Amino acid sequence: MTSVQHAADLPHAFAKAFNTFDPEEVERVYEPESLLVLDAGNPLTGTERAGANAGLQKLGQPITVNPRHVYVCGDIALLLVDWEIPAAGISGTATDVARRGPDGSWRYVIDNPFGTSPQPVGR
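Residues numbered from 1 in each chain as written. Predicted model: local features only at pLDDT ≥ 70, side-chain atom pairs only at ≥ 80, totals over all residues. Heavy atoms only, no water.

**Q** Would you mind showing me how to read empty space enclosed by the protein here?
**A** To locate leftover empty space, one rolls a probe as large as a water molecule over the atoms. Under the definition given, this model contains 1 cavity of 30 Å³ or more. In this model, the largest cavity occupies a volume close to 220 Å³. The wall of the largest cavity is formed by 21 residues, among which Phe14, Ile63, Trp83, Asp111 and Pro113 lie closest to the centre. Counting only elements with at least two residues in the lining of the largest cavity, the list comes to helix H1 (10–18), strand E1 (30–36), helix H3 (46–57), strand E3 (76–85), strand E4 (90–100) and strand E5 (106–111). (1 Å grid on protein atoms, 1.4 Å probe; cavity = no way out; pocket = protein on both sides within 12 Å on 5 of 7 lines; lining within 4 Å. Points joined across faces, edges and corners; volume = space filled by probe spheres on them. Helix = DSSP H or I, 4+ residues; strand = E, 2+ residues; numbered from the N terminus.)

Next comes the structure, spelled out in structure tokens:
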């Protein structure tokens, strides 16, 4: 993955990484201590976050994204993104937080793919 220089490009970088079906590519769009919220009240970090994303990649179906709003304040961004894995029947509107790192690249700090309607995936 190349460096993401604009917060608005981060969802597309995520989709590109996801659609490689290589979990290591997806991990590159996250800060090391970032959160993934697939189920309300149960945020995942580290290897659990990586494993959850890898599980979604194992569906073998591509994701599409459509950023709705991107708000940037300094080195922090709020992203509202419609996304879908059509063949798996999974979709949502993400409410995500990203941060620009010292290298100038944007990465997810909080990835909340279901926004205000978290729901369990694969349960």
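**Q** What's the story with H1 in this structure? I'm lost.
**A** Since the α-helix advances by 3.6 residues per turn, residues separated by three or four positions end up pointing in the same direction. For H1, the buried fraction is high: 7 of the 9 residues fall into the buried class. When H1 is considered as a whole, its buried residues turn out to be Leu10, Pro11, Ala13, Phe14, Ala15, Ala17 and Phe18. (Buried < 20%, exposed > 50% of the residue type's maximum accessible area, 1.4 Å probe, protein only.)

**Q** How do you make sense of the packing of aromatic side chains when you look at a structure like this?
**A** Any aromatic ring pair is given by two values, namely how distant the centres are and how the planes are angled relative to each other. For the structure shown, the criterion picks out 6 aromatic pairs. A cation over a ring is seen here: Arg49 above Tyr30, with NZ or CZ 5.0 Å from the ring centre. (Phe/Tyr/Trp six-rings, centres within 6.5 Å; stacked < 30°, edge-to-face > 60°. Lys NZ or Arg CZ within 6 Å of the ring centre and 35° of its normal.)

**Q** Explain the sheet that holds E3 here, please?
**A** Backbone hydrogen bonds are what pair the strands of a sheet, in a parallel or an antiparallel way. The strand order across the open sheet formed by 5 strands is E1-E5-E4-E3-E2, and the pairing between neighbours is mixed. A strand with exactly one partner marks an edge of an open sheet, and here the two such strands are E1 and strand E2 (64–73). Pairs of neighbouring strands in the sheet enclose a mean axial angle of 30 degrees, with direction left out of account. Here E4 runs beside E5; their pairing, made up of 4 bridges, is antiparallel. (Pairing = 2+ DSSP bridges. Axes fitted to C-alpha atoms, helices over the stretch in contact; angles between N-to-C directions.)

**Q** Sorry, what's going on with the environment of His12 here?
**A** Examined against the element boundaries, His12 turns out to sit in helix H1. Looking at His12, the relative accessible area reads 41%, which means it is partly exposed. On a C-alpha basis, the gap between His12 and Pro67 in space is 8.4 Å, while along the polypeptide they are 55 residues apart. Once you skip the residues sitting within four places of it in the chain, His12 turns out to touch Val65 and Pro67. (Contact = heavy atoms within 4.5 Å.)

**Q** Whenever I open this one, the nonpolar core confuses me. Can you help?
**A** The tendency in soluble globular proteins is for nonpolar side chains to be buried side by side. In terms of nonpolar packing, the biggest core is built from 29 residues, with Phe14 and Trp83 touching the most fellow members. Per-element tally for this core: the top contributor is H1, with 6 residues. Dropping the residues within four chain positions of it, Trp83 is found in contact with Ile63, Thr64, Val65, Ile90, Ser91, Gly92, Thr93, Ala94, Pro113 and Phe114. (Core = buried A, V, L, I, M, F, W, Y, C linked by side-chain atoms within 4.5 Å.)

**Q** In this structure, what is going on with the side chain of Asp96? I would like to understand it.
**A** If you trace the backbone, Asp96 turns up in strand E4. Buried charge without a partner: Asp96 forms no salt bridge, and the closest opposite charge is Arg49, 12 Å away. A polar side-chain atom of Asp96 sits 2.8 Å from the main-chain amide nitrogen of Asn112. Aside from chain neighbours lying at most four places away, what touches Asp96 is Ala77, Leu78, Leu79, Tyr108, Ile110, Asp111, Asn112 and Pro113. (Lys, Arg positive; Asp, Glu negative; His and termini not counted. Salt bridge = Lys/Arg side-chain N within 4 Å of Asp/Glu carboxyl O. Polar contact = N/O pair within 3.5 Å; in protein donor to acceptor, adjacent residues only side chain to side chain.)

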